[in-house]
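Coordinates in review
Spelled out from the first residue to the last, the chains are:
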Amino acid sequence: MWSDIEKRGRDALTRDMTEMFESGDRVGSFNVTFGDLLFDYSKTQMSEDDREALLTLARQAKLAEKRDAMFNGLRINETEGRAVLHTALRNLSGRSIHVDGADVMPVVLDTLTRMEHFAEAIRDGSFTGQGGAITDVVNIGIGGSDLGPVMAYAALAPYADGPRVHYISNVDGAHIHDTLKGLDPTTTLVIVASKTFTTIETMTNAETAKRWMAEQVTDPAAQFAALSTAADRTADFGIDPSRVFGFEDWVGGRYSVWGPIGLSLMIAIGPNDFRDFLSGGHEMDMHFCGAPLARNMPVMLALTGIWHNQGQGHGTRAVLPYDQRLLRLPAYLQQLEMESNGKRVSMDGADLKVDSGPVVWGEPGTNGQHAFYQLIHQGTRVVPCEFMVAARGHEPDLAHHHQLLVANCLAQSEALMRGRSLDEARALMAAKGLTGDELDRQARHRVFPGNRPSTTLIYPQLTPHVLGQIVALYEHRVFVEGVILGINSFDQWGVELGKELANSLAPVLAGDEPGADKDPSTRALVAYVQAHRES
C-alpha cells in the first residue's frame, strides 16, 4: 500500500492546484469542521481518489481499533509496557477508565481538586510566602515539564489574572540567573516539575533556586511545590506532601500539560478557565472517537501530513500561527511530533520502509514573512505550510491590527498556491519601463513557482477552550500518523544516549577522570574547555 501512496504522491507533484478548484465543490469537500473550528486542506494536490487511498491506508493499519485500545487503557506503549492515558486527565464526563481492572478516574479527579484548592489558596492570598502574598511563581522543568505550560501560559495571557509565572528549563546558569534576578524570594513560589525528581537539569536548577531563596527566607522548602511521583525524594528535599502532586506512568511528559504539570497555568488563569481548557481537549477526544474518518479532524490533519511527507517526499512542515500568543506552539509541536514519531523501527523492531515523521519548525506570522518565507515561496525545496489564525483577537480597540493579520495569513496561502508566472513577471517589469534583456533578467527574479501546498486551521478566538481543542487535535494527529507508520509514538529512547554520555563526561571535564575512552575530537574539545574556563 505504501508504494501506491508514494506513486500517487509523486504523480501529483505536477498537478495544478488552481485547476483542481474548477471542477466540483473542492472547498466544501476538502475541509473538516468541528464545533467552531474549520480545517481547510483544499490547497493541496490531494485528489478525492488520493484521499480514499489514504483512508484505506488508515483502515488497513486498524486505526479505529488502536484508537479504542488507547482510550480503554490498554498498554499500547509496548516497549515500556504502559498504557497511554493522558486523555484521562481531561476526562470531565464522569466516565470510568480502567487500567488493569482499576478505575483511574477517582485519583485523577482527586488530584485535580487538590490542585484547584492549592491554586485558589495562592490566588486569594490564603497561602503566602514568608514575606506576604505570592507575587511570582517559578516553574522549573524541562522537555514536557516545561514546553506545554510555557506554550499555554503565553497563549492564554488575556486570562492570566493571578501571580506572574516564570519558566526555567535550561541547565545553562544564565537561564536561572536571568529569571530569578529581580524577583523577591519572600513572595515567590517555586514549582519543581520532575516525575522521578532525578532529572539532572531540573534538580540542578531546583537546588540553585533553593539556595537563592535561603538567602532571605528562613524555611525555603515551605515555598516549594513538586509535580512528582517520587514522594521519598520530595520529602528529602523538604516539600510537604500537601504540596506534592503526582501523576501516573501512563502520562508521557509531552502529553502532561493537562494534569499536575499544568499547575503553573492553573495558578495563572484560575481553576475555572483551566477546566475550560480541559473541556476543550475532552471535546476533541470525543470527536476523534466518534466522527467518521473522512470527517474526523485529527485523522484528516494526519493524512494530509502523511500525503505531504511520505507520499510527496516533503521532509519538513512549517507550523505558522498567525497569533502572537501562540509564539511557543511551534516549539511545543517540535517535541510533540519529533520526539513521538522521530523513530526508525516499527513496533516489531524492523527497519521502517518509509521515512518517519518530518522536521517540524515555524514562527508566528507576520514575523516569519520577513525571515524565512523567501525560501518557502521561491526556494528549491517545497515546504508544506500549516497556517492557523483566529477570526478575532482579544483587543477590540486594535481590531484593525487583527484584520491586517488575518489578511496576511490568507494572502500567504493564496500566494503559495497561485504563484506568479514568468509572463506575469514580465508584464510587471514592462510596466516599470524595463525592456529587452534587462526586463527578462529582472522578471525571472520575480517568478514564484506557486503550486505549493498549505492547510489552514481557523477558529473564532484563542480561548482556553479553543486552545484545549487545538492541543488535543495535534496530539491525536501524532497518534494517527504513528499508527499508520506502525511505530510507537509514546517512547523516546533517542534522548537517552546523549544523557548517558553527558553523565560520563562530567568527571572528565572536572579533571577527575582522564577520558581515555573518548574519541579524539571530544578529547580535544574537553582540553579546550579546561584550558579556557578560568580565563
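Structure: see above.
All of the points below concern the structure found in this document. Computed from a predicted model, the values in this text were never measured in an experiment.

1. Observations concerning the overall build of the protein
Regarding its fold elements, the protein presents 21 helices and 15 strands. Against the globule reference of 24 Å for 535 residues, the protein gives a C-alpha radius of gyration of 25 Å, in line with a compact fold. For the protein, the spread of C-alpha atoms along the three principal axes comes to 80 × 60 × 60 Å. Relative to its full complement of 535 residues, the protein shows a buried share of 51%. In the protein, 75% of the contacts between residues at least 6 apart in sequence involve partners at least 24 apart. Accessible area for the protein stands at about 23,200 Å²; split by element, carbon and sulfur atoms hold 52% of it. Positive and negative side-chain charges of the protein, numbering 48 and 68 respectively, have mean locations separated by a distance of 5 Å.

2. Some thoughts on a nonpolar patch on the surface
Side chains of Leu509, Tyr528 and Val529 sit close together on the surface and give an oily, nonpolar patch of about 270 Å² of accessible area. Of note, Leu509 is situated in helix α20 (residues 496–509).

3. Considering unusual backbone geometry
Note that the residue after Gly365, namely Thr366, is joined by a cis bond; omega there is 10°. Relative to the elements of secondary structure, Thr366 occurs in the loop between β13 (359–361) and α15 (373–378). Even without being glycine, Asp100 reaches a positive phi, approximately 55°. Examined against the element boundaries, Asp100 turns out to sit in the loop between β3 (98–99) and β4 (102–103). On the basis of relative accessible area, Asp100 is assigned to the exposed category, the value being 60%. Unlike most non-glycine residues, Asn451 shows phi in positive territory, near 60°. Its location among the elements puts Asn451 in the loop between α18 (436–445) and β15 (454–459).

4. Looking at the side chain of Thr455
Position of Thr455 among the secondary structure elements: in strand β15. Ignoring anything within four residues of it in the chain, the contact list for Thr455 reads Phe39, Asp40, Tyr41, Thr44, Thr304, Cys385, Glu386 and Phe387.

5. Remarks on the pattern of salt bridges
Close approach of charged atoms lets side chains of opposite charge pair. Applying the stated criterion across every chain, the model contains 29 salt bridges. The residue Arg317 makes a salt bridge to Glu337 at a minimum N-O spacing of 2.3 Å. You can see Arg317 sitting in strand β12 (residues 316–322) and its partner Glu337 sitting in helix α14 (residues 329–341), a full 20 residues away along the chain. Arg317 gets classed as buried once you look at its relative accessible area, which sits at 3%. Here Arg477 ties to Glu481 by a salt bridge, and the two come within 2.8 Å at their closest N and O atoms. Placement of both Arg477 and Glu481 in helix α19 (residues 464–485) is noted, with a separation of four residues, approximately one turn of the helix.

6. Quick notes on the state of the cysteines
Enumeration over the complete set of coordinates arrives at zero disulfides. Counting only cysteine sulfurs, Cys409 is the nearest neighbor of Cys385, a cysteine outside any disulfide, at a range of 10 Å.

7. What to know about the sheet that holds strand β8 (residues 164–168)
Pairing within the open sheet is parallel, and its five strands lie in the order β8-β7-β9-β10-β11. With partners counted over all chains shown, the strands left at the sheet margins are β8 and β11 (244–245), one partner each. One ladder, built from five bridges, connects strand β7 (residues 136–140) with β8; its direction is parallel. Paired with Asp136 across the two strands is Arg164, which belongs to β8. On the sheet, helix α8 (residues 173–180) packs against β7 and β8 and is oriented at approximately 165° with respect to β8.

8. Examining the nonpolar core
Counting 112 residues, the largest nonpolar core has Leu189, Trp250, Met297, Tyr459, Leu467, Phe479 and Ile484 as its most contacted members. Here the element with the most residues in this core is α19; it accounts for 13 residues. Apart from residues lying up to four places away in sequence, Phe479 is in contact with Leu63, Lys66, Arg67, Met70, Ile76, Phe288 and Phe490. In terms of nonpolar packing, the next biggest core, distinct from the first, is built from 21 residues, Ile168, Leu180, Leu183 and Val244 among them.

Thresholds applied
Residues numbered from 1 in each chain as written. Predicted model: local features only at pLDDT ≥ 70, side-chain atom pairs only at ≥ 80, totals over all residues. Heavy atoms only, no water. Helix = DSSP H or I, 4+ residues; strand = E, 2+ residues; numbered from the N terminus. Rg over C-alpha atoms; globule rule 2.2 N^0.38 Å. Buried < 20%, exposed > 50% of the residue type's maximum accessible area, 1.4 Å probe, protein only. Contact = heavy atoms within 4.5 Å. Areas by Shrake-Rupley, 256 points an atom, 1.4 Å probe, with all protein chains shown as cover. Lys, Arg positive; Asp, Glu negative; His and termini not counted. Charge placed at Lys NZ, Arg CZ, Asp CG, Glu CD. Patch = residues over 30% accessible without salt bridge, like charges linked within 9 Å, V, L, I, M, F, W, Y side chains within 5 Å. Salt bridge = Lys/Arg side-chain N within 4 Å of Asp/Glu carboxyl O. Disulfide = S-S within 2.5 Å. Pairing = 2+ DSSP bridges. Axes fitted to C-alpha atoms, helices over the stretch in contact; angles between N-to-C directions. Core = buried A, V, L, I, M, F, W, Y, C linked by side-chain atoms within 4.5 Å.

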